[in-house]
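Understanding the architecture of this molecule
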Amino acid sequence: DETLQISIGSHTERSVFSNSYISNNQVSVSNNGVDSQDTKDFWLHVSESGSSIQINGNQWKALPLPDGGYDITSATILEFTLQIDESVDFLAVCLDNNTDVESAEVAGKSECVWLQSSDGWSSSTRKNWKHLTTSFETGVSRRVAIPMGQYRGLGEGEVVNAKYIAFIQDIAFSSNWHKGRSAWSDFRLYEQNLDDLELSLFGVPVSIPNVQLSLEGSNGELQDSRDHILSVDGTSVTASGNNWKYFNLGQTITVTAATMLKFKFSLTEESEFHFVCLLKPGV
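Source: prediction; values computed, not measured.

Points about the overall build of the chain
Broken down by element type, the chain carries two helices and 22 strands. Every one of the 283 residues in the chain was classed for burial, and the buried ones make up 42%. Excluding contacts between residues fewer than 6 apart, the proportion of contacts in the chain whose partners are at least 24 apart in sequence is 69%. On the chain, roughly 15200 Å² of surface is accessible, and the fraction owed to carbon and sulfur atoms is 47%.

Right, here's the structure in full:
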């Protein structure tokens, strides 16, 4: 069987990549411990070159990552090219330490990132799933870079080991299980170089780790587009697209009536609103 090629970056030398190979040992992915989602007589098709896979029909499949898995940190990026040729009910990719996903709880578990949904994430069971805001046009190839560590909500120094990469191409009704087709290629898994945010806190220079955490609305509904990452260049932050992000200052400050927050702001393109917050711990 063909092996799937993946370019893996070094955790210590982030500009260094090595080509690794994923064994074509396909395992069915279960859902909340129930092994009934995968169509077991369908298989991922790995190309002869090993650079791509094609998924036909209803499949919940996982492949073992090489060398005992990959340590996911707050800076981990999973990158690939995706082309959806025939849409399905939902499409997802997962990095997990086992082959069981909790799709109904994915907002909390976040092993998976959902790439496409037939109802546009409007259903009550899907609105908080950790999904891309990047949209896909049928038949058009698109490069995707997913900040997997940020989707998991990992903080500075937190590490989670993933032993499998899983692909979910779900079709609800068995009469349509043969439908749906997607092509995935040129996989990369690496640590992104993120500059710290430099600011002055009560006159003292402070470096804030560039770990971008996501805000939710007061009703708990997901607001942030996690695939949009703030660009930090020392003392400046550039936000593109829909962002609800916050940084941990690493200390608690007391805000009084005399407290001033001072910064420069320039607007290139107006959105619905722009705001800045000082949040209480635990919010």
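What about the pattern of salt bridges?
Enumeration according to the criterion identifies five salt bridges in this entry. Its salt-bridge partner being Glu-79, residue Arg-143 comes within 3.1 Å of it at the nearest N-O pair. Residue Arg-143 is found in strand 13 (residues 142–146), and its partner Glu-79 is found in strand 9 (residues 76–86); the two are separated by 64 residues along the sequence. Where Arg-181 meets Asp-85, a salt bridge forms, and the shortest distance between an N and an O atom there is 3.8 Å.

A few points about unusual backbone geometry
Unusually for a residue other than glycine, Asp-67 sits at a positive phi of about 60 degrees. Position of Asp-67 among the secondary structure elements: in the loop between strand 7 (59–64) and strand 8 (70–72).

Here's the deal with the side chain of Ser-30
One can find Ser-30 in strand 4 (residues 30–31). Judged by relative accessible area, Ser-30 falls into the buried class, the value being 12%. At 2.6 Å, the side chain of Ser-30 forms a polar contact with the side chain of Asp-100. Discounting chain neighbours no more than four positions away, the residues touching Ser-30 are Asp-35, Thr-99, Asp-100 and Val-101.

A closer look at the state of the cysteines
The tally for this structure, following the rule as stated, stands at one disulfide. The disulfide partner of Cys-94 is Cys-112, and the gap between their sulfur atoms is 2.1 Å. Because the torsion about its S-S bond is 95 degrees, the bridge between Cys-94 and Cys-112 counts as right-handed. With Cys-94 in strand 10 (residues 90–96) and Cys-112 in strand 12 (residues 112–117), this pair connects stretches of sequence that are 18 residues apart.

As for the packing of aromatic side chains
One pass over the full model with this rule turns up ten aromatic pairs. Considering the side-chain rings of Phe-167 and Phe-187, the 6.0 Å spacing of their centres and the 70 degrees angle between planes classify their relative orientation as edge-to-face. Taken as a pair, Phe-167 in strand 15 (residues 164–170) and Phe-187 in strand 16 (residues 181–191) lie far apart in primary sequence, 20 residues in all. Per residue, the accessibility class of Phe-167 equals that of Phe-187, and both read buried. Seen in terms of ring centroids, Phe-273 and Phe-275 are 5.5 Å apart; in terms of plane orientation they differ by 25 degrees. Their pairing is stacked. Put simply, the rings of Phe-80, Phe-167, Trp-184 and Phe-187 touch in pairs and so form one group of aromatic residues.

Examining a negative patch on the surface
The grouping of Glu-156, Asp-195, Asp-196, Glu-198 and Asp-233 at the surface amounts to a negative patch. Along the chain, Glu-198 turns up in strand 17 (residues 197–201). You can call Glu-198 partly exposed: its relative accessible area is 32%.

Structural notes on the confidence of the model for the chain
Mean pLDDT over the chain: 86, with 90% of residues reaching 70 or higher. In the predicted structure, residues 104–109 sits below a pLDDT of 50 and forms ten contacts with residues beyond four places in sequence or in another chain.

Rules of the game
- Residues numbered from 1 in each chain as written.
- Predicted model: local features only at pLDDT ≥ 70, side-chain atom pairs only at ≥ 80, totals over all residues.
- Heavy atoms only, no water.
- Helix = DSSP H or I, 4+ residues; strand = E, 2+ residues; numbered from the N terminus.
- Buried < 20%, exposed > 50% of the residue type's maximum accessible area, 1.4 Å probe, protein only.
- Contact = heavy atoms within 4.5 Å.
- Areas by Shrake-Rupley, 256 points an atom, 1.4 Å probe, with all protein chains shown as cover.
- Salt bridge = Lys/Arg side-chain N within 4 Å of Asp/Glu carboxyl O.
- Polar contact = N/O pair within 3.5 Å; in protein donor to acceptor, adjacent residues only side chain to side chain.
- Disulfide = S-S within 2.5 Å.
- Phe/Tyr/Trp six-rings, centres within 6.5 Å; stacked < 30°, edge-to-face > 60°.
- Patch = residues over 30% accessible without salt bridge, like charges linked within 9 Å, V, L, I, M, F, W, Y side chains within 5 Å.
- Lys, Arg positive; Asp, Glu negative; His and termini not counted.
- Charge placed at Lys NZ, Arg CZ, Asp CG, Glu CD.
- pLDDT = per-residue confidence, 0-100.

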